[in-house]
Amino acid sequence: RHIQIMPEIDVPGHARAIVVAYPELLPDGTSNSKSVQGIANNVLSPVKEKTYTMLDTIFGELKTLFPFEYIHIGGDEVNTSAWMNSPSCVKFMRENNINSGRELQNYFNKRMEVIIANHGKKIMGWNEIIDGGELNLDTAVMSWTGTGPGFQSAKKGHPVIMAPGQHVYFDMKSSKDDEFGHWWAGIVSIEKVYEFDPFDKNDLTDAQLENILGVQACLWSEYLFEDGRAEYQTWPRLTALAEV
């Protein structure tokens with residue numbers, strides 16, 4: 001049916017499940033800082049070699065399961081405060097002329113590019129991965145905070161998928177009468193999906209526009225408590241996106 005499946009394992013943030021199993025991969029120090037979801041201790045240390053050894057093993061297993069050319073590494077909403085309060089991270093940053101948490105994440109991303117390339121794959125990540133420095137141009141960017149980061153990435157030469165929450169996050173309520181649903185991107189009605197123009201207000205050349213591969217809807221499952229809720233959140237909004 002011409003459908004490819006791309007796996008995503010979100011690192012180095014949103015990693016609570018990993019650090020529950022492998023607490024030694026947490027940054028050292030005593031920081032109790034929390035992610036935007038209010039969760040502490042959910043970020044990997046980017047300066048411990050064991051982090052990369054483990055991820056190399058995991059992504060090596062994934063490559064045998066999914067023939068698609070990309071593996072999604074997430075990279076969004078990383079709680080860099082935990083790194084700023086970690087003696088080993090601060091020491092590593094000082095010794096390697098790294099000036100911010102985002103630059104330290106860029107170091108992590110570059111390590112992941114090498115690991116995943118060695119497994120014959122390419123990286124895709126959420127648009128925060130472009131914030132801390134340059135990446136390989138075959139690293140793809142999924143633009144979720146708006147279309148702006150997508151245009152920025154396409155201008156540099158990265159492949160881009162447009163997925164701005166305000167138009168295509170189907171975990172948002174579809175009307176004010178919905179009982180369940182997220183709220184941070186507002187109400188994503190079917191009209192909002194139809195209004196979505198992934199090329200709107202861009203200043204890209206025709207060649208740069210070719211870097212925008214397509215669009216994606218997202219459906220996160222925190223509020224899908226009832227049988228049939230996923231289907232309710234998906235349809236008919238996905239049909240509208242198909243027309244877009």
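Structure's up top.
By convention here, each chain's residues receive numbers from 1 onward along its written sequence. Totals for whole chains, interfaces and linings use all residues, but because this is a predicted model, local features are given only for residues with pLDDT of at least 70 and pairs of side-chain atoms are given and counted only at 80 or more. Excluded from the side-chain calculation are hydrogens and water; included are all heavy atoms of the structure.

Novice: Now, about helix α2 (residues 49-65): what can you tell me, with residues and values included?
Specialist: Taking 1.5 Å per residue, 17 residues should reach 24 Å; α2 reaches 25 Å between its end C-alpha atoms and fits that length. Of the positions making up α2, those classed as buried are T51, Y52, M54, L55, F59, G60 and L62. Every residue pair with non-hydrogen atoms within 4.5 Å of one another is taken to be in contact. Counting from the N terminus, the helices are DSSP H or I runs at least four residues long and the strands are E runs at least two residues long. Buried residues along α2 sit in contact with α1 (16-21), β1 (70-72) and α5 (101-118). By this rule, a helix spans an expected 1.5 Å times one less than how many residues it contains. Here the term buried applies to any residue with accessible area under 20% of the maximum for its type, exposed to any over 50%, and partly exposed to those in between, with areas from a 1.4 Å probe on protein chains only.

Novice: I'd like to hear about the side chain of Q233, residue by residue, with values.
Specialist: Looking at the element boundaries, Q233 is found in helix α10 (residues 229-234). Of the polar contacts made by the side chain of Q233, one reaches the backbone oxygen of M172; its length is 3.4 Å. Ignoring any residue separated from it by four or fewer positions in sequence, one finds Q233 in contact with F170, D171, M172, D178, F180, L219 and L224. N or O atoms within 3.5 Å of each other form a polar contact, as long as, within protein, one can give a hydrogen and the other can take it, and as long as residues adjacent in sequence are counted only when both atoms are side-chain atoms.

Novice: Describe in detail a negative patch on the surface, supporting the description with residues and values.
Specialist: On the surface, a cluster of negative charge is made up of E179, E226, D227 and E231. Relative to the elements of secondary structure, E226 occurs in the loop between β5 (212-215) and α10. Owing to a relative accessible area of 41%, E226 belongs among the partly exposed residues under this scheme. Patch rule: a residue counts if its relative accessible area is over 30% and it has no salt bridge; like charges are joined within 9 Å, and nonpolar side chains (Val, Leu, Ile, Met, Phe, Trp, Tyr) within 5 Å. Using the Shrake-Rupley algorithm and a 1.4 Å probe, accessible areas are obtained, with residue cover drawn only from the displayed protein chains. Salt bridges are counted wherever a side-chain nitrogen of Lys or Arg sits within 4 Å of a carboxyl oxygen of Asp or Glu. Charge counting follows a simple rule: Lys and Arg are positive, Asp and Glu are negative, and His as well as the terminal groups are ignored. By convention, the charge on Lys lies at NZ, on Arg at CZ, on Asp at CG and on Glu at CD.

Novice: Go over the packing of α2 against α5 with me, naming the residues and quoting the values.
Specialist: Here the axes come from fitting lines to C-alpha atoms, over the contacting stretch only for helices, and the angles between their N-to-C directions go from 0 to 180 degrees. Orientation of α2 relative to α5, taken along the N-to-C sense of each, is 40 degrees, at an axis distance of 10 Å. Viewed along their axes, α2 and α5 adopt a mutual orientation that is oblique. The hand of the α2/α5 crossing is right-handed. Two secondary-structure elements touch here, α2 through E49, T51, Y52, L55, D56 and F59 and α5 through Y107, F108, R111, M112, I115 and I116. The classification used treats Ala, Val, Leu, Ile, Met, Phe, Trp, Tyr, Cys and Pro as nonpolar, Asp, Glu, Lys and Arg as charged, and all other residues, Gly among them, as polar. A class-by-class count of the residues in the contact of α2 with α5 yields 8 nonpolar, 1 polar and 3 charged. Note on angle classes: values under 35 degrees are labelled roughly parallel, values over 145 roughly antiparallel, values of 65 to 115 roughly perpendicular, and the remainder oblique. For any pair of crossing helices, the crossing counts as left-handed if the nearer helix is rotated counterclockwise from the farther one by less than a right angle, and right-handed if it is rotated clockwise.

Novice: Describe the sheet that holds β1, listing the residues and the values that go with them.
Specialist: By this definition, two strands are paired if DSSP reports at least two bridges between them. Spatial ordering of the open sheet is given by β1-β2-β3-β4-β5, a layout of 5 strands whose pairing is parallel. Lying at the two open borders of the sheet, with one neighbouring strand each, are β1 and β5. Across the sheet, the mean angle from the axis of one strand to that of its neighbour is 25 degrees, orientation sign disregarded. Relative to strand β4 (residues 160-162), strand β3 (residues 140-143) runs parallel, the two being bridged by 3 bridges. For V141, the partnering residue across the bridge sits in β4 and is V160. Sheet strands touched by α5: β1 and β2 (122-126). Its angle to β2, the strand with the most contacts, is close to 145 degrees.

Novice: Could you give an account of the pattern of salt bridges, naming the residues involved and the relevant values?
Specialist: For the coordinates displayed, the defined rule picks out 7 salt bridges. Its salt-bridge partner being K91, residue E95 comes within 2.7 Å of it at the nearest N-O pair. Highlighted residues: E95 and K91, both in helix α4 (residues 87-95), separated by 4 residues, approximately one helical turn. Overall, the relative accessible area of 52% leaves E95 in the exposed class. Judged by its relative accessible area of 41%, K91 falls in the partly exposed class. Salt-bridge contacts for D177 lead to K176; the nearest nitrogen and oxygen are separated by 3.6 Å.

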